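A look at the structure
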Amino acid sequence: MTDITEKFPDIAFVGFGEAGHALASSWIRPARGTTRAYDIKLCEAATSAIVLKRCAEAGVEPQLDPGRALGKAGLVFSLVTADQALEAARVCAPHLLPGALWLDCNSCAPQTKETAAEVIEAVGGRYVDVAVMAPVYPKRHEVPLLLSGPHAALAAARIEALGLRPKLAGERVGDASSVKMLRSVMIKGLEALTTECVLAARRAGVEDAVLASLQASDPGIDWRSRATYNMERMLVHGARRAAEVEEVCATLRAFGLPDWMSRGTVEWQRRLASLEIDPGADDLARRADAVLSKL
């Protein structure tokens with residue numbers, strides 16, 4: 001199969017939130033073609049403004065209809081929330097050009113991505129499992145990416161031309177997302193654990209002693225700094241993280257393992273996000289007090 005991205009150089013985004021904006025606003029702009037974005041938030045007046053602003057900043061053409069966004073695109077980035085990744089594939093598949101590369105960059109269980117791959121491949125698209133392995137800021141388009149699946153090498157070559165930083169994780173759909181999901185057991189779980197620890201220590205009036213003990217036990221981590229950062233991540237991005245860890249739980253169960261720790265992570269991430277607290281300056285005590293006042 002020839003590389004359709006040469007014949008159809010347009011690029012499309014399905015979902016144009018923080019990640020899409022970070023990529024498209026900083027990558028090496030393609031010499032040919034148009035970049036378009038379809039986002040369901042464009043269909044509602046209350047949510048369209050932020051998407052339109054992002055599109056304007058990145059030089060991306062907003063589209064209210066998936067067909068108009070994908071109709072001439074040889075390369076499509078799917079960047080929606082984890083719980084909408086499969087639905088996005090189903091909605092967009094009828095509009096996908098045969099041979100177009102569908103880069104599923106969502107934080108989903110490998111089993112979810114396998115199902116999405118079936119949807120995309122059924123219409124002649126070429127599915128690529130992509131895992132975004134770090135926050136998109138400050139690295140933006142240079143954020144590390146893992147790609148897997150039978151079309152991963154072709155997709156890697158295509159996006160390297162845009163200045164992106166892909167690495168191949170395997171030939172199976174699900175290999176990249178397995179790395180991402182199982183890493184998130186620790187990363188998102190550590191966020192929840194440090195927050196649970198610090199909040200309880202703060203309420204007990206012993207947070208300095210607890211942090212000092214942790215520092216003595218594991219001096220390789222700056223525990224005060226890490227706890228401050230972790231709590232900020234949860235307050236700002238907890239809803240999205242909770243959706244991702246739901247996929248982590250699904251991954252663990254599919255491997256025949258319990259999801260006890262990750263289930264608690266979901267609850268903590270979602271709870272802090274629901275408080276709608278401005279994290280403010282990087283002061284752990286003030287941040288913890290703001291959370292405790294609302295729990």
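Structure shown above.
Residues numbered from 1 in each chain as written. Predicted model: local features only at pLDDT ≥ 70, side-chain atom pairs only at ≥ 80, totals over all residues. Heavy atoms only, no water.

The full count for this structure, using the stated rule, is 19 salt bridges. Notably, a salt bridge pairs Glu18 with Arg240, separated by 3.8 Å at the nearest N-O pair. Placement of Glu18 in helix H2 (residues 18-24) and of Arg240 in helix H10 (residues 223-254) is noted, with a sequence separation of 222 residues between them. A relative accessible area of 43% means that Arg240 is categorised as partly exposed. We note a salt bridge from Arg253 to Asp259, for which the minimum N-O separation is 2.7 Å. (Salt bridge = Lys/Arg side-chain N within 4 Å of Asp/Glu carboxyl O. Helix = DSSP H or I, 4+ residues; strand = E, 2+ residues; numbered from the N terminus. Buried < 20%, exposed > 50% of the residue type's maximum accessible area, 1.4 Å probe, protein only.)

Attention now moves to the sheet that holds strand S5 (residues 101-104). Taken together, 8 strands build an open sheet; the order of strands is S3-S2-S1-S4-S5-S6-S7-S8 and the sheet is mixed. Edge positions in the sheet fall to strand S3 (61-63) and strand S8 (165-170), since each of these pairs with one other strand and no more. In this sheet, neighbouring strand axes are inclined to one another by 25 degrees on average, regardless of whether the strands run parallel or antiparallel. Relative to strand S6 (residues 126-132), S5 runs parallel, the two sharing 4 bridges. Within S6, the position partnered with Leu103 by the bridge is Val128. (Pairing = 2+ DSSP bridges. Axes fitted to C-alpha atoms, helices over the stretch in contact; angles between N-to-C directions.)

Honestly, that's just the spatial picture; any functional story needs more than this.
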